[in-house]
Amino acid sequence: MLIAAQPPVTPPVTQAPVVFDTAAPPGTLASDSATGRPITLADAIRTAQRAAPGAIQARGQVRAADVTRRFAYAQFLPNVQVTGGLVRQINVTQRVNSQTGELVTGAYQTTTGLSATLTLFDGFQRVNTLRAARAQGVAAGANTQATNASLALSVKQQYFTAVAARETEAATRDQLAQAQAQLAIASAKLRAQTATKSDSLQAVIAVNTARLAALQAQTDRANADATLTRVIGADRPVSATADGLPDDTTLTADSVSLARLAAAGPVVRQAQATAQQARYTAKAARAAYFPSLSLGYSRNLSGASSTLDPFGTSYVPSGQLRLSLSLPVFDQFSTAVNVANSEVSLANSEANVRDQELAAQQTLVQAINGLRTARQQVAAETDAIAAAQENLRVQSQRYQLGVATSLDVLTAQSTLTQARLALVQARFSARTARAQLEALVGDATAAGTTP
């Protein structure tokens, strides 16, 4: 039975409908409003690796390792020293030359000396110190790669979060457009007295809900872009864009190859180099138990004159050649303490190597399984969206013909929206899993994913 005509419900003023095209490549949006300067993923990674504090610290460690290595090489060279002095005697007219024993007069006494010392044997301390310095350089280089890989992963995760927020915003805007269209149909049917007022009220509620969801999605997108700006250290606001993102995340390398790459990843290499450095440092600490042998030579010139004449001919030369042997007998156990500390550091470093190898394998398994699951979910949600779109089309036509209820249409709209949001999450999970694989091996192409 038809009810009495009610005053028409005026649809609220809305934005133009935005079409969410599920046939488009993943990441492509019909609406892509930005809160800052659009930036590609590659530019975002380069910016972070240039300006992030972690990257600056890693480059500083490389420079420090280079200086340490040059210092270790220099220990094989002799230590050379040049000295000189000038003394002016006050109210002294004569004195005895301590070198020759003759009586000389003069108020100025000058001395010039050259000395050199070369260590011949130090219990292989310099050799092990040099090897430790080389290992430190390798560790610093691996740390730079690991830091860049970690920064790239952090940037990718936040970048994908921002892209997912944009996709969510597009889905909610499409949800709002559909709700507004349903409100217009319900209002028209109400004016024609072929629907109840409840249908119009339910449509109004659906519009308000969709508008709140769109507003929340817009806020989430702005927050994600702001976070991305901070993560990469940009000097002005930036905004993520889906252009250029890889659509296919298919694994082209087998699990054995990926496991081998993960075992040689930058984090594992850094741990191995640090353990090697600790091993040579422990050997260098034991050198204090051995005797040391050094060779020295010195040449001195001294003279006195009544006038200031640095280049006079009255200099008396002298020199000596020394061969020194030093054997430690008792040093209050300071060497034993240093050796014990270095051995503890070595044990900790070796344990850390094993832990990093196991962590790499764990992350590899998680990333591979996560990527495979996400890819299957992307395919499933794509089919679900196609089915939900067809169901919504059928329910909308049935409602216009008076066969279906407004609740049927709203349920179909909700199902379609949930499928779209699930597809957004599946894409985010697939992209993140791929980024974890790339960070694990330290090379985007070596991860075995097809861009």
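Values in this document were obtained by computation on a predicted structure and should not be read as measured data.

On to the overall build of the chain. Counting its secondary structure elements, the chain contains eight helices and eight strands. Put simply, the chain has 451 residues, and 37% of those count as buried. For the chain, the proportion of contacts with a sequence separation of at least 24, taken over those separated by at least 6, is 83%. As presented, the chain carries roughly 24,300 Å² of accessible surface, and 57% of it is formed by carbon and sulfur atoms.

What follows concerns the nonpolar core. Core analysis: the biggest nonpolar cluster contains 24 residues, and L41, V155, Y159, I232 and L245 have the highest contact counts within it. Only α1 (41-51), α3 (125-191), α4 (197-232), β6 (238-240) and α8 (406-441) provide two or more residues apiece to this core. Examining the composition of this core, we find that nine residues originate from one element, α3, more than from any other. Residues contacting L245, with those up to four places away along its chain left out, are L41, Y159, F160, V163 and R431. Membership of the second largest hydrophobic core comes to 21 residues, among which are A186, A203, A412 and L423.

This brings us to helix α6 (residues 266-286). Here α6 is 21 residues long and its end C-alpha atoms lie 31 Å apart, about the 30 Å a rise of 1.5 Å per residue gives. Residues of α6 that are buried include every one of P266, V268, A271, A273, A275, A278, Y280, A282, A284 and A285, and no others.

Predicted confidence across the chain gives a mean pLDDT of 83, with 82% of residues reaching 70 or more. The model gives residues 1-33 a pLDDT under 50, and that stretch makes 60 contacts with residues more than four places away or in other chains. Low pLDDT (under 50) marks residues 444-451, which in the prediction has 29 contacts with non-local residues, meaning those over four places away or in another chain.

Another aspect to go through is the packing of aromatic side chains. Both the distance between ring centres and the angle between the ring planes are used here to describe each pair of aromatic rings. With the rule as written, the count across this model stands at two aromatic pairs. Relative to F124, the ring of F121 lies with its centre 5.5 Å away and its plane at 85°, an arrangement referred to as edge-to-face. Their ring planes at 85° and their centres at 5.4 Å tell us that F330 and F333 sit as a pair that is edge-to-face. Like F333, F330 is exposed. Positioned over the ring face of Y399 is K189, at 5.1 Å from the centre of the ring.

Turning next to unusual backbone geometry. Across residues other than glycine, the phi torsion is negative in most instances, and most of the peptide bonds are trans. Located in the positive-phi region is Q332, a residue other than glycine, with phi close to 60°. For F333, which is not glycine, the phi dihedral falls at a positive 65°. Among the secondary structure elements, F333 is positioned in the loop between β8 (316-326) and α7 (334-400). On the accessibility criterion, F333 (57% relative accessible area) is exposed.

Another aspect to go through is the environment of V238. As for its position among the elements, V238 is in strand β6. Considering only alpha carbons, one finds V238 and D225, 13 residues apart in sequence, at a separation of 6.4 Å.

We now examine a nonpolar patch on the surface. A surface patch of nonpolar side chains, amounting to about 500 Å² of accessible area, comprises L120, L295, Y297, L321 and L323. Contributions of two or more residues to the nonpolar patch are made by β7 (292-305) and β8. The residue L295 is located in strand β7 in this model.

A few words on the packing of α3 against α7. Think of two packed helices as two axes; the pair is described by the angle between the axes and how far apart they sit. Following both chains from N to C, one finds α3 and α7 inclined at 15°, their axes separated by 11 Å at the closest point. Here α7 runs roughly parallel to α3, going by the angle between their axes. Of the two elements, α3 crosses α7, and the hand of that crossing is left-handed. Facing α3, whose interface residues are Q178, Q182, I185, A186 and K189, α7 presents L392, Y399 and Q400. Here the residues of the contact of α3 with α7 are counted per class, giving four nonpolar, three polar and one charged.

Here the focus is the environment of L346. Position of L346 among the secondary structure elements: in helix α7. A relative accessible area of 13% places L346 in the buried class. Placed 67 residues apart in sequence, L346 and R279 show a C-alpha to C-alpha distance of 5.8 Å.

What counts, and where the lines are drawn
Residues numbered from 1 in each chain as written. Predicted model: local features only at pLDDT ≥ 70, side-chain atom pairs only at ≥ 80, totals over all residues. Heavy atoms only, no water. Helix = DSSP H or I, 4+ residues; strand = E, 2+ residues; numbered from the N terminus. Buried < 20%, exposed > 50% of the residue type's maximum accessible area, 1.4 Å probe, protein only. Contact = heavy atoms within 4.5 Å. Areas by Shrake-Rupley, 256 points an atom, 1.4 Å probe, with all protein chains shown as cover. Core = buried A, V, L, I, M, F, W, Y, C linked by side-chain atoms within 4.5 Å. Expected span 1.5 Å × (residues − 1). pLDDT = per-residue confidence, 0-100. Phe/Tyr/Trp six-rings, centres within 6.5 Å; stacked < 30°, edge-to-face > 60°. Lys NZ or Arg CZ within 6 Å of the ring centre and 35° of its normal. Patch = residues over 30% accessible without salt bridge, like charges linked within 9 Å, V, L, I, M, F, W, Y side chains within 5 Å. Salt bridge = Lys/Arg side-chain N within 4 Å of Asp/Glu carboxyl O. Axes fitted to C-alpha atoms, helices over the stretch in contact; angles between N-to-C directions. Parallel < 35°, antiparallel > 145°, perpendicular 65-115°, else oblique. Left-handed = near helix turned anticlockwise from the far one by under 90°. Nonpolar A, V, L, I, M, F, W, Y, C, P; charged D, E, K, R; others polar.

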